[in-house]
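# Structure at a glance
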Amino acid sequence: MNSNIKVNPIQNSRIDSVDFNNLPFGKVFSDHMFVCDYKDGKWQNPTIEAYGPIELNPSAKIFHYGQSIFEGMKAYKDAKGTTLLFRPLDNCKRLNKSAERMAIPQLPEGIFMDGLKKLLEIDNAWIPTKEGSSLYIRPFIFATGNGFHASPSNEYKFIIATAPSGAYFAGKVKVLIEEKYARAANGGVGFAKAGGNYAAQFYPTQLAIERGYNQVIWTDDTNHEYIEEAGAMNIFVRINDTLITSPISDRILDGITRKSILQIAKDSGLQVEERKITVTEIIEAAKNGNLKELFGAGTAAVISPISGFGFKGVDYDLPELENSYASQLKKKITDLQTNKTEDPYGWRVHL
Ligand code: PLP
Ligand code: COI
């Protein structure tokens, strides 16, 4: 497949204008993007071209019915300059899981992997080497077919764009446990990385930000009794020495960071539980001093410790622990991702 990718390289790279020592998250884009079209029942015309605007008709179905899915992944460089990916096939599988739920055609794994590899070969100089920075990769598919009929599009575009990026959160993360709004419902699309899931979070998150929080902790849609996710992260709770995370359901994204951390934590001898966690249990643990840590986990945010949370007008602070589970697990996963340690799981892919 690789050989079939048409490459239209840019003439002048923008790379010299980028300050790699002060990278924001997802705002600076590499020179090229990979584009592949779905037309006449098949994926075709895989091309690498300049990162830039795309022309669409106002009737394109993406604008009206939101058929749009995406993935988030990262490329790293090790000390020798080798390009590394982390569990990329898991992203491809999840993209296709999202595609199925949103009535988008399946994307062959070969197109995903070959496009990604070729793009990283061409824009290799854009992969940051500074600790804590990486090349954030955004593969996405959206409906380009035209028409106001509320039915699936017959045409789509698959694009991979990349952005050399620094940390997702600038400082401490304070969260609000949600009591009114929900990001997902049983039988809905919460498990999919569908664009609309994020749009649905913006308004409640804005309300939380106005009240001094950075992020919402989503609870179940029925009684807001169980904690489920933290914005664009899966949520982990440490009560005494036990690390707990909510089980995957059709309301929760099956995070690749989440499942990697669960494995690493178990193999490090930590006590780990995948079970439903009630808000009441967290409040009680906070009150009696047993709530040691809360943290979010995701590709963009890696592991983000939560410094405190609000619930029903009361704020609870979390202790600042030395050698926290969050810091131990963050070091283990990033060392593995960047080839500083062995990879007993076969998760790292060297390009
Ligand atoms: N939950 C949501 C809603 C997300 O958007 C993400 C980010 O991708 C995650 C969890 C974490 O998933 P992953 O670790 O695969 O990035
Ligand atoms: C990721 O962690 O890669 C995500 O997709 C989160 C994103 C919404 C910033």
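Note that residues are indexed from 1 along each chain, following the sequence as it is written. By the order in which they are written, chains take letters starting at A while ligands take numbers starting at 1. Thresholds applied to this predicted model are a pLDDT of at least 70 for local features of residues and 80 or more for the giving and counting of side-chain atom pairs; totals over whole chains, interfaces and linings are not thresholded and use all residues. Side-chain calculation: all heavy atoms of the structure are included, whereas hydrogens and water are not.

### Structural notes on the site of ligand 2
- Residues are labelled near a given molecule or strand when at least one of their non-hydrogen atoms is within 4 Å of it. Around ligand 2 sit Phe 70, Gly 72, Tyr 136, Arg 138, Tyr 168, Lys 193, Tyr 198, Ala 232, Thr 299 and Ala 300, and that is every residue in its neighbourhood.
- Here a polar contact is recorded for every N or O atom pair within 3.5 Å, except that within protein the pair must consist of a potential hydrogen donor and a potential acceptor, and residues adjacent in sequence are included only if both atoms are side-chain atoms. Note that an oxygen atom of ligand 2 is positioned 3.4 Å from one of the backbone N or O atoms of Thr 299.
- In the complex, the protein chains occlude 89% of the 280 Å² of accessible area that ligand 2 would expose alone.
- All residues other than Ala, Val, Leu, Ile, Met, Phe, Trp, Tyr, Cys, Pro, Asp, Glu, Lys and Arg, Gly among them, are scored as polar; the first ten of these are nonpolar and the last four charged. Across the shell around ligand 2, the residue classes break down as six nonpolar, two polar and two charged.
- Among the domains, domain 1 (2-165) and domain 2 (173-337) are the pair contributing at least three residues each to the shell around ligand 2. Throughout, the Shrake-Rupley method with a 1.4 Å probe supplies accessible areas, and for residues the shown protein chains are the sole cover considered. These domain boundaries are the output of an automatic or database domain assignment.

### A short note on the domain arrangement of the chain
- Per the domain assignment, the segments making up the chain are domain 1 (2-165) and domain 2 (173-337).
- Look at where the C-alpha atoms of domain 1 and domain 2 centre, and you get two points 28 Å apart.
- When checking whether two residues touch, look at their non-hydrogen atoms; a contact exists if any pair is within 4.5 Å. Taken residue by residue, the interface counts 20 residues in domain 1 and 21 residues in domain 2.
- Each of two parts loses accessible area, computed with a 1.4 Å probe, when they are put together; buried area is these two losses added. Across the interface of domain 1 and domain 2, roughly 1,800 Å² is buried in total on both sides, 62% from carbon and sulfur atoms.

### Some thoughts on the nonpolar core
- The definition of a nonpolar core used throughout is a set of buried Ala, Val, Leu, Ile, Met, Phe, Trp, Tyr and Cys residues joined through side-chain atoms within 4.5 Å. The cut-offs for exposure are 20% and 50% of the maximum accessible area for each residue type, with area from a 1.4 Å probe on protein chains only; residues under the lower value are buried, those over the upper are exposed, and the others partly exposed. Counting 37 residues, the largest nonpolar core has Phe 34, Trp 43, Phe 112, Leu 116, Ile 141 and Phe 158 as the members making the most contacts within it.
- Helix numbers and strand numbers start at the N terminus; a helix is a DSSP run of H or I with at least 4 residues, a strand a run of E with at least 2. Mapped by element, the contributors of at least two residues to this core are β2 (32-39), β3 (42-50), β5 (73-77), α2 (88-101), α3 (109-122), β7 (134-143) and β8 (156-165).
- Built from parts of two domains, this core gets at least three residues from each of domain 1 (2-165) and domain 2 (173-337).
- With residues near it in sequence (within four places) discarded, Trp 43 still touches Cys 36, Asp 37, Tyr 38, Pro 105, Gln 106, Leu 107, Pro 108, Ile 111, Ile 141, Tyr 156, Lys 157 and Phe 158.
- Counting 25 residues, the second largest nonpolar core, distinct from the first, contains Phe 169, Val 175, Ile 277 and Ile 306.

### Some points on helix α6 (residues 279-287)
- All of the buried residues in α6 are Val 279, Ile 282, Ile 283 and Ala 285. Buried residues of α6, seen end-on, are gathered within an arc of 165 degrees and therefore sit on one face of the element. The arc in question is the one spanned by the directions pointing from the helix axis to the C-beta atoms.

### A few points about the side chain of Gln 44
- Assignment of secondary structure puts Gln 44 in strand β3.
- Side-chain polar atoms of Gln 44 contact the backbone oxygen of Lys 42, separated by 3.4 Å.
- When neighbours within four sequence positions are excluded, Gln 44 is seen to be in contact with Cys 36, Asp 37 and Lys 39.

### Quick look at the packing of aromatic side chains
- We call Phe, Tyr and Trp rings a pair once their centres come within 6.5 Å, taking the six-membered ring for Trp, and we label the pair stacked below 30 degrees between planes, edge-to-face above 60, and tilted otherwise. In total, this model carries 16 aromatic pairs according to the counting rule given.
- Summarising the aromatic geometry, the rings of Phe 20 and Trp 126 are spaced 6.3 Å apart at their centres and angled 55 degrees between planes, so their arrangement reads as tilted. A residue pair is termed long-range when its members are at least 10 positions apart, and Phe 20 in the loop between β1 (6-7) and β2 and Trp 126 in the loop between α3 and β7 qualify at 106 residues.
- Trp 126 sits in the buried class, given a relative accessible area of 2%.
- Ring geometry for Phe 25 versus Tyr 168: centroids 4.8 Å apart, planes at 85 degrees, classification edge-to-face. You can see Phe 25 sitting in the loop between β1 and β2 and its partner Tyr 168 sitting in the loop between β8 and β9 (173-177), a full 143 residues away along the chain.
- Classification of Tyr 168 by relative accessible area gives partly exposed; the value is 36%.
- Among the aromatic residues, those joined into a cluster by ring pairs are Phe 25, Tyr 136, Tyr 168 and Phe 169.
- Both a distance and an angle decide whether a charge sits over a ring: NZ of Lys or CZ of Arg must be within 6 Å of the ring centre and within 35 degrees of the ring normal. Residue placement shows Arg 238 over the ring face of Tyr 325; its charged tip is 3.8 Å from the ring centre.
- Sitting above the plane of the Tyr 226 ring, Lys 276 keeps its charged end 4.6 Å from the centroid.

### A look at the pairing of strand β14 (residues 271-274)
- Here, a strand pair is defined by DSSP locating no fewer than two bridges between the strands. Summarising the sheet, strand β13 (residues 242-245) and β14 pair through four bridges and their orientation is parallel. Residue Leu 243 lies in a different strand from β14, and its bridge partner there is Val 272.
- With the strands aimed away from the viewer, a crossover counts as right-handed if its path from the first strand over the helix to the second runs clockwise. The parallel pair β13 and β14, bridged by helix α5 (residues 256-267), forms a crossover whose chirality is right-handed.

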